Amino acid sequence: MKRWLLGLLLASAGAAVHASDKVLYQPVPGWVKPAPPIDPAAAIDDHAPAIVVFDSQSKLEDGQLWSYVDSATRVVTAQMLGQIGTLKLPWQPAHGDLVIHKLEIIRGAKHIDLVKGGNPFTVLRREEMMDQQQLDGMLTATLPVEGLAVGDVLHLVMSTTERDPTLKGDVQMVAPLVSAPARAGFARTRIIWPVASDIHWRAYSAGVDATPVVANGYRDLTIALPLAKQPEIPDDAPIRFQKLPLIEATSFDSWAAVVKVMAPLYRTDGLIAPGSPLAAEVAKIRAADVDPLHRTALALQLVQDKVRYLAISMDTGNYVPQTPAHSWDVRYGDCKAKTLLLIAILRDLGIEADPVLANIGLGELVSSRLPAATAFNHIFVRATIAGKDYWLDGTGMGSRLADIDDVPGFGTVLPLTEPAALVTLPKKAAARPGMTVDLDLDNRAGLKLPTLFRVRLELHGAAAEGVNVVVSQAVGEQRDDFIQGAVQQTVGEAQLDSSSLTYDPVTSTAVLQASGVIKTKWQRDDRRLRQNLDGVLGSIDFTPDRARTEWRDIPVLGVRNISLARHVTIDLPADAASYTIEGDRSLPAELAGAALFRKVTTAGNRIVVDERIDGLGTEIAPGDVGRVRTAVAQAKGRTLRATAPADYPGYYFDIAAAVKGKKLAAYEAVYGKAIARDPKGDSGWSSRGIYRAGVFDWQGAVDDFTKAIALRPSVELYLRRAASHAALGQDARQLADIDAAADLDPSADRPILQRIGWQSDHGDTAGAIALAQQHIDLGGDMLTSYQIGKTSAQADGGDVVGALATIDAAIDNKPGNPSLLNERCWVKATLNTALDSALKDCTRAIELSKYSADALDSRALVYFRMQRYDDAIADLTAAIAESGGQPSSVFLRGIIYRQMGKTREAADDFALVKLASPQLPEKYARYGLKP
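Here we summarise the structure given alongside this text. Remember, predicted model here, so these are calculated numbers, not experimental data.

Quick notes on the rules
Residues numbered from 1 in each chain as written. Predicted model: local features only at pLDDT ≥ 70, side-chain atom pairs only at ≥ 80, totals over all residues. Heavy atoms only, no water. Helix = DSSP H or I, 4+ residues; strand = E, 2+ residues; numbered from the N terminus. Rg over C-alpha atoms; globule rule 2.2 N^0.38 Å. Contact = heavy atoms within 4.5 Å. Areas by Shrake-Rupley, 256 points an atom, 1.4 Å probe, with all protein chains shown as cover. Lys, Arg positive; Asp, Glu negative; His and termini not counted. Charge placed at Lys NZ, Arg CZ, Asp CG, Glu CD. Pairing = 2+ DSSP bridges. Axes fitted to C-alpha atoms, helices over the stretch in contact; angles between N-to-C directions. Phe/Tyr/Trp six-rings, centres within 6.5 Å; stacked < 30°, edge-to-face > 60°. Buried < 20%, exposed > 50% of the residue type's maximum accessible area, 1.4 Å probe, protein only. Lys NZ or Arg CZ within 6 Å of the ring centre and 35° of its normal. Parallel < 35°, antiparallel > 145°, perpendicular 65-115°, else oblique. Left-handed = near helix turned anticlockwise from the far one by under 90°. Nonpolar A, V, L, I, M, F, W, Y, C, P; charged D, E, K, R; others polar. Core = buried A, V, L, I, M, F, W, Y, C linked by side-chain atoms within 4.5 Å. Disulfide = S-S within 2.5 Å.

Details of the overall build of the chain
Link 1 in the chain: For the chain, the helix and strand inventory stands at 28 helices and 38 strands.
Link 2 in the chain: On C-alpha atoms alone, the chain measures out to a radius of gyration of 38 Å, which is more than a quarter above the 30 Å that the 2.2 N^0.38 rule sets for 931 residues.
Link 3 in the chain: Contacts in the chain between residues far apart in sequence, at least 24 positions, make up 71% of those at least 6 positions apart.
Link 4 in the chain: Of the roughly 41,200 Å² of accessible surface on the chain, 52% is carried by carbon and sulfur atoms.
Link 5 in the chain: Side chains of the chain carry 100 positive and 111 negative charges; the gap between the two charge centres is 2 Å.

Encoded structure:
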């Protein structure tokens with residue numbers, strides 16, 4: 001009810017004569033056709049609609065709009081009671097009167113009068129739109145409805161009268177048309193006007209079947225509500241296919257009539273007085289440049305930058321702009337004021353300029369609407385220089401000479417010039433992208449090391465002005481958080497060692513610069529390291545649904561609301577010529593409504609990618625939807641990416657080479673500076689700890705994790721420090737961290753599984769088995785992991801029969817589980833038993849696994865036990881390639897190389913294991929596997 005009521009009250013435009021700032025109490029006017037009486041039985045029926053009555057009636061006569069509402073709402077729930085228990089009726093006293101005809105509570109057959117001949121409403125002045133930069137002069141009549149209870153019906157009958165002298169005798173109105181699934185006991189919209197009046201009306205909703213009838217000298221149009229459920233329209237349809245849920249009526253007979261009323265409001269003769277402060281500003285522009293285009297840009301900058309936006313809707317302010325002199329004196333104004341100010345300045349400079357009406361949001365519907373001022377909610381400027389039109393919005397932000405040729409996305413507009421004609425604005429990319437990203441990625445030390453980066457983000461226009469607020473107001477942590485968030489959106493989670501944020505008012509440009517370190521973007525895919533280089537196609541989501549028959553002839557609105565340019569450089573460990581650039585090095589000029597550009601170059605050890613995307617919002621015709629969908633899919637299927645050489649070393653070898661080559665100093669410096677920027681934050685310490693563990697600096701990792709844990713302990717940090725302790729052979733400290741993680745989150749499985757493994761490795765077989773069995777008995781998603789833990793503990797304790805019985809039972813329950821099959825193969829291989837069946841288990845696990853490195857490693861051990869060294873080496877080579885060089889496979893390969901007499905190769909493998917997993921030889925010695 002409240003939405004309907006407020007929608008009706010706020011829909012009409014105009015100003016009333018003889019208006020009052022007090023609530024009036026009068027009988028129902030004679031022109032109103034009463035709604036049916038409220039049935040007491042229906043009012044208390046819990047299954048009846050909560051809207052018992054909603055009767056909206058309007059009378060247009062002699063330039064006046066009289067709007068009447070009869071609403072009765074049943075309070076169904078306590079929540080609803082809270083929503084309507086206090087009436088708040090806003091109205092504009094300068095535009096008209098608020099009249100209460102009846103206000104009562106209906107309780108069954110009982111009617112409780114809430115007016116009782118008095119004045120129960122309190123009138124308040126509330127500028128509720130101040131946070132949206134609007135002053136509207138609204139008054140609000142408020143009344144807490146005493147005694148209203150769940151089950152009651154609140155019955156309100158009221159009206160407003162409105163007359164707008166600005167319209168010179170014309171009148172206009174807009175009323176909502178509600179559709180199913182909304183329900184009402186009785187609802188209608190009724191409009192009447194004298195037969196002699198030339199009133200035009202139009203309803204936009206589907207299913208309106210109504211014709212005015214003539215009675216008592218009036219045309220009477222009645223529409224029963226709610227209408228039938230409206231046809232669904234796909235979200236990506238052009239806005240003109242959306243059915244406006246309203247009815248309009250107006251005495252304007254053409255767009256020319258609208259222009260005739262509105263154009264005089266923007267006459268500028270004599271509005272800039274000689275010698276005035278505003279005249280001095282115009283003189284500065286005139287002296288600054290002789291080029292009219294440059295002068296236009298300076299005038300637009302003056303209006304945008306020096307006069308803040310504040311909508312003024314008081315008195316006749318709905319349509320009448322304040323004077324340029326006043327706007328300059330108070331330094332604020334709405335779109336009308338800014339438009340008149342800009343026009344006055346341009347005309348004073350000898351530049352042709354005219355006002356243009358627009359509708360922000362519904363511009364594409366203007367041409368289908370009735371000619372009326374209500375078709376618009378905005379006004380801006382068209383300047384014409386040397387026969388070319390420039391579309392200038394004084395309410396915009398940060399426009400400069402570079403942007404002067406940009407066109408706002410207002411769709412169809414109405415210049416207030418003769419001859420009157422609607423104009424459809426062209427769709428084109430802005431001269432300057434909304435954001436420009438310059439990104440340098442440094443992978444020279446190795447592709448699997450973290451990536452050092454430098455980024456520069458440049459923003460223009462409104463976005464830059466928003467950043468300027470941060471530049472001028474935010475300090476310390478608030479400013480750092482803004483920078484961190486912007487960087488993270490661009491490159492992902494990062495540790496910053498430097499950053500800056502600046503704003504240049506001359507160019508209206510905000511620049512954010514930062515440097516630091518991020519996780520490498522090179523990822524292994526199909527056994528090759530690859531990095532995605534695309535920065536624009538991911539922004540195109542073209543998945544229109546036109547499967548319904550009634551949708552097949554509806555165009556698709558293309559990509560919009562994005563304007564981005566990217567310049568990315570990637571520095572590689574070796575010449576870029578040894579890398580493969582896959583995918584499209586260039587893009588079509590337009591795809592799915594977006595303007596695109598791409599260029600890829602290589603030089604030395606550097607890859608350079610330049611890209612741009614501008615969402616134009618152009619339409620894709622129904623017949624082209626399939627073709628465009630295919631083109632988008634194909635373009636995305638040819639993803640631009642760089643692929644490292646096939647012989648590029650795996651992770652462990654890459655890191656080991658960097659350590660040996662002393663290439664890590666730059667990383668230590670960056671992490672050190674990042675920590676120094678925020679020494680009391682845990683992020684820098686934990687990030688460096690992860691990095692140090694990744695480059696096998698175990699003690700450094702322990703130190704950093706200790707700092708991070710002191711600041712913000714977590715299960716993850718305790719387990720990471722436990723792993724570093726394990727690498728250092730600090731077994732007691734490892735167990736303490738595992739237990740600390742378990743204490744922090746007793747429900748976490750990882751600490752429990754690691755404790756089972758620790759107990760098994762340190763001779764507490766019974767304890768490990770008992771702990772594993774405890775969780776096996778609980779079942780759950782981690783059952784398989786606990787079964788593997790128990791099997792390993794039994795095998796490590798020498799219980800061959802028990803280990804195989806446990807794993808056999810698990811496999812019987814999940815016969816196709818590759819982890820279980822691999823575990824059974826591994827147990828048999830480590831115990832050197834049943835090797836033939838072990839071989840079958842491993843082979844089956846490899847066949848079933850998406851990631852087969854572990855099963856290949858296990859099968860290699862089986863082959864080794866069988867003295868099939870070449871087969872073992874083949875499996876280990878595959879496992880090492882897939883895993884990036886997991887130490888277990890490298891160690892076993894070293895043992896086999898030694899057996900085969902390849903001492904140099906064996907020594908290289910053992911050296912890697914000593915660096916990456918120094919405790920591994922001790923563990924493998926239990927299996928009889930020694931260097």
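Considering the sheet that holds strand β34 (residues 590-591)
Link 1 in the chain: Judged by pairing direction, the sheet is mixed, and its 8 strands sit side by side in the order β27-β28-β26-β25-β32-β36-β35-β34 without closing on themselves. Strands at the two margins of the open sheet, each flanked by one partner only, are β27 (494-504) and β34.
Link 2 in the chain: Packing against the sheet, helix α9 (residues 461-473) makes contact with β26 (451-460), β27 and β28 (509-518), and its axis sits at approximately 110° to β27.

A few points about the sheet that holds strand β29 (residues 523-525)
By definition, the strands of a sheet pair up through backbone hydrogen bonds, in either a parallel or an antiparallel sense.
Link 1 in the chain: Spatially, β29-β30-β38-β33 is the arrangement adopted by the 4 strands of the open sheet, whose pairing is antiparallel. Whereas interior strands pair on both sides, the edge strands pair on one side only; in this sheet they are β29 and β33 (580-582). Going from strand to strand, the sheet's axes swing by 40° on average, the running direction of each strand aside.
Link 2 in the chain: When β33 meets strand β38 (residues 641-643), the two strands line up antiparallel, connected through 3 bridges. Within β38, the residue paired with Thr580 across the bridge is Thr643.

Overview of the packing of aromatic side chains
Link 1 in the chain: Applying the stated criterion across every chain yields a total of 17 aromatic pairs.
Link 2 in the chain: On the numbers, 6.1 Å between centres and 40° between planes, the contact of Phe380 with Trp391 is tilted. Here Phe380, found in strand β21 (residues 378-385), pairs with Trp391, found in strand β22 (residues 388-392); they are 11 residues apart in sequence, far enough to count as distant. Exposure class is identical for Phe380 and Trp391. Each is buried.
Link 3 in the chain: Put simply, the rings of Trp826, Phe891, Phe910, Tyr924 and Tyr927 pair up and form one aromatic cluster.
Link 4 in the chain: In this structure, Arg331 is placed above the aromatic ring of Trp328, and the distance from its NZ or CZ to the ring centre is 3.7 Å.
Link 5 in the chain: Over the face of the ring belonging to Trp685 we find Lys707, whose NZ or CZ atom lies 5.4 Å from the ring centre.

Description of the packing of helix α22 (residues 818-830) against helix α24 (residues 853-865)
Link 1 in the chain: The geometry of α22 relative to α24 is characterised by a closest axis approach of 9 Å and an angle of 30° between their N-to-C directions. Regarding the angle of α22 to α24, the classification is roughly parallel. As α22 packs across α24, the resulting crossing turns out to be left-handed. Contacts between α22 and α24 pair Asn822, Cys825, Trp826, Ala829 and Thr830 from the former with Asp854, Ala855, Asp857, Ser858, Arg859, Leu861, Val862 and Arg865 from the latter.
Link 2 in the chain: Partitioned by chemical class, the residues of the contact of α22 with α24 number 6 nonpolar, 3 polar and 4 charged.

Here's the deal with the nonpolar core
Link 1 in the chain: In terms of nonpolar packing, the biggest core is built from 58 residues, with Phe453, Val487, Trp522, Ile540, Phe542 and Ile607 touching the most fellow members.
Link 2 in the chain: With residues near it in sequence (within four places) discarded, Ile540 still touches Val559, Leu591, Ala592, Leu596, Ile613, Val632 and Lys636.
Link 3 in the chain: Within the second largest apolar cluster, 42 residues are counted, among which are Leu103, Ala210, Leu221 and Leu227.

Description of the state of the cysteines
Disulfide: a covalent bond connecting the sulfur atoms of a pair of cysteines.
Link 1 in the chain: Under the counting rule described, the total for this entry stands at 1 disulfide.
Link 2 in the chain: Linked covalently through their sulfurs, Cys825 and Cys842 form a disulfide whose S-S length is 1.7 Å. Taking the torsion about the sulfur-sulfur bond, which here is approximately -95°, the covalent link between Cys825 and Cys842 counts as left-handed. Of the two residues, Cys825 sits in helix α22 while Cys842 sits in helix α23 (residues 835-848), which places them 17 residues apart along the sequence. Taken individually, Cys825 and Cys842 each receive the classification buried, so the pair is uniform in this respect.

Remarks on the packing of α24 against helix α25 (residues 869-883)
Link 1 in the chain: Running from N to C, α24 and α25 cross one another at 160°; their axes reach a closest spacing of 8 Å. As summarised for this structure, α24 and α25 are arranged roughly antiparallel, according to the angle between their axes. Read as a crossing pair, α24 and α25 show a hand that is left-handed. Across from Ala853, Leu856, Asp857, Arg859, Ala860, Tyr863 and Phe864 in α24, the residues of α25 making contact are Tyr869, Asp871, Ala872, Asp875, Leu876, Ala878, Ala879, Glu882 and Ser883.
Link 2 in the chain: Of the residues in the contact of α24 with α25, the class split is 10 nonpolar, 1 polar and 5 charged.

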